[in-house]
Every structure is written in structure tokens, then in C-alpha cells.
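One letter stands for each residue in the lines below.
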Amino acid sequence: MVTELFAPALYESLFPVGISRYVVGGLLVGLGAVVIYLGTGIAAGASTFLESTLSYVSDQSWFQRYRSSRDWRVVFTLGIIAGAFAYALTFQSGLVSSGLYEAGATGELYDVGGVTLWLTDVQPWRLFLGGILVGIGTRIGKGCTSGHGVCGVGSASKTSIVGVMTFLAVAIGTAQVVMALGVSP
């Protein structure tokens, strides 16, 4: 049974295009978490971004809790957005090629100002509803996948381990229900 877990056929069926893109992505996320922790002494997490950002415009005590760390959180979030934009402009547009990139299956390529970009076919209301549900979940779970999944599990936090197991169980269950119902973007 243990030898079956290390069988190449298992990995080929789970990751038909290989695992290198996941390894590279994981290393970059981990490096980012280390840099943030060494620079601030605070575990990286994106779910407190909205609260800390609202501390710029609101005097309510709820939004002031993260006032001392709001500046780096804004930079962190802008870095996420800038990274996605840079990826879209380089790899998705075809400007740079790599074996790590494969075009999305639920979208279209569009030429925008001489740059080819991939845009999703997922309906905007689904993206909006998904964002709302993720936001509610991160508040109930007191953190997100970057905070719990990367930093919390990495520091062996029991709360984070339970949180990540819950994230995964709900995500897998939701994916199975959606697939069984035949829902498409």
C-alpha cells in the first residue's frame, strides 16, 4: 500500500502535465512568506487586507486593529495584483514561453492594444458571489489559505491545520457537487 503512494502512475494520473509548475509556485509562495515574516515579524495573510485598508478612512475601532501593519498589507496586496498582471502580460500573452504555462480551458484569448490576454468565461455574477463567500469564510475561519495554509501549517499551528483540512474538505465536496450537477462556467 505504501509503495502505491510513490508509484509514478499515480502522479501521472493526478498531474498529467507534471508537477514542476506546482513546485515552482509553492517555492515562490513560501519565499514570499519568509520575506514578509523576516521583514515584519508577522505571518503573511491576505484576509485582513480589507480591514487594515479601511483603517485609512474609518475611525471605528474594528478597523483600527491592524493599523500598525496596514502599510505592508497594502504593498502585499498590490504585489499580488502586479504579479498576476505581469504573468498575464508575459506568459499568457505569449511574449515569454515556458513549459510551466498551459492556457486556461475556460476562457478566450483576446487582443487588447496589441497584447494577447486570456479572459475567463466564468460569468461575472459567479465570480462576485464566489468572492463574497470566500470573504465570509475567511472571516469565520479567522484567516485565509495564505495565512493558515502557508504560514500556519508551516509553523505547526493546530488551528491552522484544522482550518486547512476544512478548506480542503469543503472545496473537494463543492467541486464534486458542481461536477455532478453538470454546472459549467
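So, how was this worked out
Residues numbered from 1 in each chain as written. Predicted model: local features only at pLDDT ≥ 70, side-chain atom pairs only at ≥ 80, totals over all residues. Heavy atoms only, no water. pLDDT = per-residue confidence, 0-100. Helix = DSSP H or I, 4+ residues; strand = E, 2+ residues; numbered from the N terminus. Contact = heavy atoms within 4.5 Å. Buried < 20%, exposed > 50% of the residue type's maximum accessible area, 1.4 Å probe, protein only. UniProt positions renumbered as here; feature names shortened; annotations may be inferred. Pairing = 2+ DSSP bridges.

Regions with low pLDDT carry predicted coordinates that are not meant to be interpreted in detail. Put simply, the protein chain has an average pLDDT of 81, and 92% of its residues get 70 or more. At the low end of the mean pLDDT range in the protein chain sits helix 1 (residues 2-5), at 59; at the high end sits helix 9 (residues 158-181), at 90.

Further remarks concern the side chain of Ser55. Along the chain, the position of Ser55 falls in the loop between helix 4 (49-54) and helix 5 (61-64). For Ser55, the residues in contact, after removing those within four places along its chain, are Phe63, Gln64, Arg67 and Arg70.

Residue Lys142 is not a glycine yet carries a positive backbone phi of 55°. Here Lys142 lies in the loop between helix 7 (124-140) and helix 8 (145-154). With a relative accessible area of 69%, Lys142 lands in the exposed category. Within the chain, Ala156 stands out as a residue other than glycine whose phi angle is a positive 60°.

When the UniProt feature table is mapped to this numbering, "transmembrane region" (unreviewed entry) covers residues 22-50, 71-90 and 161-183. Across residues 22-50, helical content stands at 72% and strand content at 0%; the span's end C-alpha atoms are separated by 28 Å. Summarising residues 71-90: 100% helix, 0% strand, and an end-to-end C-alpha distance of 28 Å.

As paired elements, strand 1 (residues 107-112) and strand 2 (residues 115-120) share 6 bridges and run antiparallel to each other. Bridged to Asp111 within strand 2 is Thr116. Connecting strand 1 to the antiparallel partner strand 2 that follows it, the hairpin turn spans 2 residues, and Gly113 within it adopts a positive phi of roughly 60°.

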